[in-house]
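Architecture at a glance
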Amino acid sequence: MFFVLGLVLGMNNLVAAEVNLRDYQIVVIQDLEVPSGSPTPESAGMQMAEKAVYQLKRYSERYNLFETIVKEVSKGKEMSSGKKVLIIKGEVKEYNRGSVGRRIGRSFIPGREFTGASSFAAHYQFIDKESGRVIYETDLRTTSTGNEDTVEYAMDRNGEALAKLVTKFKG
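Everything quoted here is computed from the prediction, not taken from an experiment.

About the criteria used
Residues numbered from 1 in each chain as written. Predicted model: local features only at pLDDT ≥ 70, side-chain atom pairs only at ≥ 80, totals over all residues. Heavy atoms only, no water. Helix = DSSP H or I, 4+ residues; strand = E, 2+ residues; numbered from the N terminus. Contact = heavy atoms within 4.5 Å. Areas by Shrake-Rupley, 256 points an atom, 1.4 Å probe, with all protein chains shown as cover. Phe/Tyr/Trp six-rings, centres within 6.5 Å; stacked < 30°, edge-to-face > 60°. Lys NZ or Arg CZ within 6 Å of the ring centre and 35° of its normal. Core = buried A, V, L, I, M, F, W, Y, C linked by side-chain atoms within 4.5 Å. Buried < 20%, exposed > 50% of the residue type's maximum accessible area, 1.4 Å probe, protein only. Axes fitted to C-alpha atoms, helices over the stretch in contact; angles between N-to-C directions. Parallel < 35°, antiparallel > 145°, perpendicular 65-115°, else oblique. Left-handed = near helix turned anticlockwise from the far one by under 90°. Nonpolar A, V, L, I, M, F, W, Y, C, P; charged D, E, K, R; others polar. pLDDT = per-residue confidence, 0-100.

Quick word on the overall build of the protein chain
- Helix and strand content of the protein chain: four helices and five strands.
- For the protein chain, the sequential pattern of α-helices and β-strands runs α-β-α-β-β-α-β-β-α.
- Residue pairs in contact within the protein chain that sit at least 24 positions apart in sequence constitute 68% of those at least 6 positions apart.
- Surface summary for the protein chain: the accessible area is close to 10300 Å², and the carbon and sulfur share equals 52%.

See below:
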């Protein structure tokens, strides 16, 4: 049983180690898809894309990651030729506004009073524009913290988690 668990975890790390974003100079973030029939507002996908662009620009300035980071380019606008373009698209999986009851309930659990009740999760795909091939897929789930117990803050943290992941793969 330990052998199988080690094999699964080892393969997961091996796949993650193969992702290399060093050759990409441009990143295009598409609006996240919001599943129909979901209680998630339609604007959440657009809002999350904007938060991801903001966080990626912040990290790119600090670590010199990309030449250009943009939110989905309109059809008539073409990116610089000769540059490798990475497309990041995704789908909203969880959009959970915190409630007063949850906050009160968590305040009774030792050490949990600083954890918020709001959460946001999304499934992201990294796609090479030239080949159309999915390079990497991941799920990121974040929660709000303390006094910042809003789903918007959980989305900010999700954008930052995405930026940290891209920074890790960019090297």
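Considering the packing of aromatic side chains
- What the rule picks out here adds up to four aromatic pairs.
- Aromatic side chains Y136 and F169 sit 4.8 Å apart centroid to centroid with 75° between the ring planes, which places their arrangement in the edge-to-face category. Of this pair, Y136 sits in strand β5 (residues 134-145) while F169 is found in helix α4 (residues 151-170), placing the two residues 33 residues apart along the sequence.
- Every member of this aromatic cluster is reached through a ring pair, and the members are F126, Y136 and F169.
- Seen from the ring of Y59, R62 lies directly overhead, with NZ or CZ sitting 5.9 Å from the centre.
- In this arrangement the basic side chain of K84 is found over the ring face of Y24, its NZ or CZ atom lying 4.7 Å from the centre.

Some details on the nonpolar core
- Judged by nonpolar contacts, the single largest core of 35 residues is most densely connected at I88, F120, Y124 and F126.
- Looking at this core, the elements with two or more residues in it are β1 (26-29), α2 (43-63), β3 (85-96), β4 (115-128), β5 and α4.
- Among the elements that make up this core, the one with the highest residue count is α4 (eight residues).
- Residues I26, V28, V85 and I87 belong to the second largest nonpolar core, which totals five residues.

Brief notes about the packing of α2 against α4
- At their nearest, the axes of α2 and α4 sit 8 Å apart, and the two run at 45° to each other. Considering the angle they form, α2 stands oblique to α4. α4 is crossed by α2, and the crossing has right-handed handedness. Only E152, M155, D156, N158, G159, E160, L162, A163, K164, V166 and T167 of α4 make contact with α2, whose side of the interface consists of A44, Q47, M48, K51, A52, Q55, L56, R58, Y59 and Y63.
- Its residues placed into classes, the contact of α2 with α4 shows 10 nonpolar, five polar and six charged.

Looking at the confidence of the model for the protein chain
- Here the protein chain shows a mean pLDDT of 85. Residues at 70 or above account for 75%.
- Here helix α1 (residues 2-18) stands out as the element of the protein chain with the lowest mean pLDDT, 53, in contrast to α2, whose mean of 97 is the highest.

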